Amino acid sequence: MTFLYKANATRGLEWARHFAARAPELPFRLWPDVGDPAEVRYLAVWSPPENIAATFRNLELVFSVGAGVDQFDFSQLPPHVPLIRMLEPGITESMVEYATMAVLALHRDLVHFIAQQRQQTWREIRITPAAKRRVGVMGLGLLGQAVLERLKPFGFPLAGWNRSLRSIEGVTCHAGRETLPDFLAQTDILVCLLPLTDETRGILNTGLFEALPRGAQLVNVGRGGHLVEADLIAALERGLLSSAVLDVAEQEPLPAGHPFWSHPRILLTPHIASMTTPETAVEFVLETIGRHRRGETLPGRVDRKRGY
Ligand code: NDP
Ligand code: OXD
């Protein structure tokens, strides 16, 4: 019985160390050192290998090394094997930091000031009080809620949009497609923290940008597939949006020559908003294996029909 890890190799060595300390009885293997595939009971991956079902015939659990699971083709996973997304505090904490940084950067016009510095331009932009800058978060799951909680002390009017209705103190919550225009009309800084599914692919598009107040700003920390990239460029040109912070792109790494590299009103980071922390990830994985062996419910189990 082995545990197989297939993701960032450097962090994999850390996983191996924590496994050796916490569960020496469970052999831990780092891809591509698979050993006998029939021995693999637990698989933790970022990009899934091909033919999972045929190769690993005795799989019991598959873990996503990240919070998102859109990289999986569910039809390639044996139907009886639970897919578990990563629930560990390092992901939440780093996302909360990043989203707060991005909202504050947009609120205080940092993207414009960076562009001005490059042009050696010394020009004030009048400060907008936080109380007049409305921040809206799409996706009120684990991360969206944690981000809103951390934003509260700054004094922004806060709102959220979600599939099912949430009740969050100090946050105006909207639910369902029909409420989206209303939510957008009252959002100056929009943060996307949705999972990528058939329903949410391409949701950040011209129609959505037109529904925001003119000159609104965007933070995309969900997935590149949420954003129609050409629509963003056009929205910036048309003044529908004034700037954007993007941590994700349709194609990663972003290809050479892509307009995002040099756009003066886009601040781009290489999908680093969150990073899974090996120590707490191993703790979560071992706890989940224990629960699975005891036949208990599994936190983070993905609902394949919903897609997240
Ligand atoms: P959760 O599963 O906890 O939350 C997802 C939320 O989105 C739920 O509240 C869900 O509503 C809502 N939702 C799903 N589909 C729709 C829809 N069609 N319309 C409206 N709301 C919808 O996920 P997390 O908060 O943990 O993570 C969210 C995403 O963040 C991940 O899937 C991943 O893509 C991204 N991410 C990005 C990282 C980065 O480094 N850039 C790092 C980590 C995550 P309901 O519960 O009502 O169904
Ligand atoms: C994740 C990510 O899903 O890092 O955890 O994007």
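Below or above, wherever it landed, is the structure these notes cover. Just so we're clear, the structure is a prediction, and the values are computed from it rather than from any experiment. (Residues numbered from 1 in each chain as written. Chains lettered and ligands numbered in written order. Predicted model: local features only at pLDDT ≥ 70, side-chain atom pairs only at ≥ 80, totals over all residues. Heavy atoms only, no water.)

Re the pattern of salt bridges
Here comes step 1: Under the criterion given, the structure shown has 14 salt bridges.
Here comes step 2: Taking the shortest distance from any N to any O, the salt bridge between D70 and R223 comes out at 2.8 Å. Taken together, the positions of D70 in the loop between β4 (61–64) and β5 (83–84) and R223 in the loop between β10 (216–220) and α8 (229–238) put the pair 153 residues apart, joining distant regions of the chain.
Here comes step 3: Residue classification places D70 among the partly exposed positions, given a relative accessible area of 30%.
Here comes step 4: Between R238 and E210 there is a salt bridge, and its shortest N-O distance comes to 3.1 Å. Residue R238 is located in helix α8, and its partner E210 is located in helix α7 (residues 206–211); the two are separated by 28 residues in the primary sequence.
Here comes step 5: When its relative accessible area of 43% is taken as the criterion, R238 is described as partly exposed.
Here comes step 6: Classification of E210 as partly exposed rests on a relative accessible area of 45%.
Here comes step 7: Salt bridges sharing partners connect three or more residues here, namely E287, R291, R294 and E296. (Salt bridge = Lys/Arg side-chain N within 4 Å of Asp/Glu carboxyl O. Helix = DSSP H or I, 4+ residues; strand = E, 2+ residues; numbered from the N terminus. Buried < 20%, exposed > 50% of the residue type's maximum accessible area, 1.4 Å probe, protein only.)

A look at the sheet that holds strand β6 (residues 135–138)
Here comes step 1: Spatially, β8-β7-β6-β9-β10-β11-β12 is the arrangement adopted by the 7 strands of the open sheet, whose pairing is parallel. Of all strands in the sheet, those with a lone pairing partner are β8 (171–175) and β12 (266–268), marking the two edges. Shown here is a sheet whose adjacent strand axes are inclined to one another by a mean of 15°, direction ignored.
Here comes step 2: In terms of strand pairing, strand β7 (residues 158–162) meets β8 through 5 bridges, oriented parallel. Looking across to β8, one finds that L158 is bridged to V171.
Here comes step 3: Its contacts with the sheet put helix α3 (residues 89–107) on β6, β9 (189–192), β10 and β11 (241–246), and the angle it makes with β11 is roughly 155°. (Pairing = 2+ DSSP bridges. Axes fitted to C-alpha atoms, helices over the stretch in contact; angles between N-to-C directions. Contact = heavy atoms within 4.5 Å.)

With respect to α8
Here comes step 1: Where α8 is concerned, the buried positions are E229, D231, L232, I233, A235 and L236.
Here comes step 2: Each element contacted by the buried residues of α8 is listed here: α7, β10, β11 and β12.
Here comes step 3: At the C-terminal side of α8, G239 shows a positive phi close to 80°.

Looking at the site of ligand 1
Here comes step 1: For ligand 1, the set of nearby residues contains 30 residues, the closest of which are R85, N162, R163, S164 and Y308.
Here comes step 2: Between ligand 1 and G141, the relevant distance is 3.2 Å, taken from an oxygen atom to a main-chain nitrogen or oxygen of the residue.
Here comes step 3: For ligand 1, the accessible surface in isolation is 940 Å², of which the surrounding protein chains cover 92%.
Here comes step 4: Of all the secondary structure elements, the ones that give two or more residues to the shell around ligand 1 are α3, α5 (142–151) and β7. (Near = heavy atom within 4 Å. Polar contact = N/O pair within 3.5 Å; in protein donor to acceptor, adjacent residues only side chain to side chain. Areas by Shrake-Rupley, 256 points an atom, 1.4 Å probe, with all protein chains shown as cover.)

What to know about the sheet that holds β5
Here comes step 1: If you trace the 5 strands from one edge of the open sheet to the other, you get β2-β1-β3-β4-β5, paired in parallel fashion. Only two strands of the sheet have a single partner each, and these edge strands are β2 (28–30) and β5.
Here comes step 2: As judged from the 2 bridges shared by β4 and β5, these two strands associate in the parallel manner. Within β5, the position partnered with V62 by the bridge is L83.
Here comes step 3: Contacting β1 (2–6), β2 and β3 (40–45), helix α1 (residues 9–22) runs over the sheet at an angle of about 170° to β2.

Some details on the pairing of β9
Here comes step 1: Going residue by residue along β9, you find I189 and V191 tucked away on one face and L190 and C192 tucked away on the opposite face as well.
Here comes step 2: In the sheet, β6 pairs with β9 via 4 bridges, with the strands oriented parallel. Pairing of V135 across the sheet is with I189, part of β9.
Here comes step 3: Examined bridge by bridge, β9 and β10 share 4 bridges and lie parallel to one another. Its bridge partner lying in β10, I189 is registered against Q217.
Here comes step 4: Taken together, β9, α7 and β10 constitute a β-α-β crossover, and its handedness is right-handed. (Right-handed = clockwise from strand over helix to strand, strands pointing away.)

Thoughts on the pairing of β11
As a general feature of sheets, a regular strand has side chains that alternate between the two faces.
Here comes step 1: In terms of burial, β11 is largely enclosed, as 6 of its 6 residues are buried.
Here comes step 2: Pairing of β10 with β11, which is carried by 5 bridges, proceeds in the parallel orientation. Counterpart to L218 in the pairing with β11 is A244.
Here comes step 3: As a crossover connection, the stretch from β10 through α8 into β11 is right-handed.

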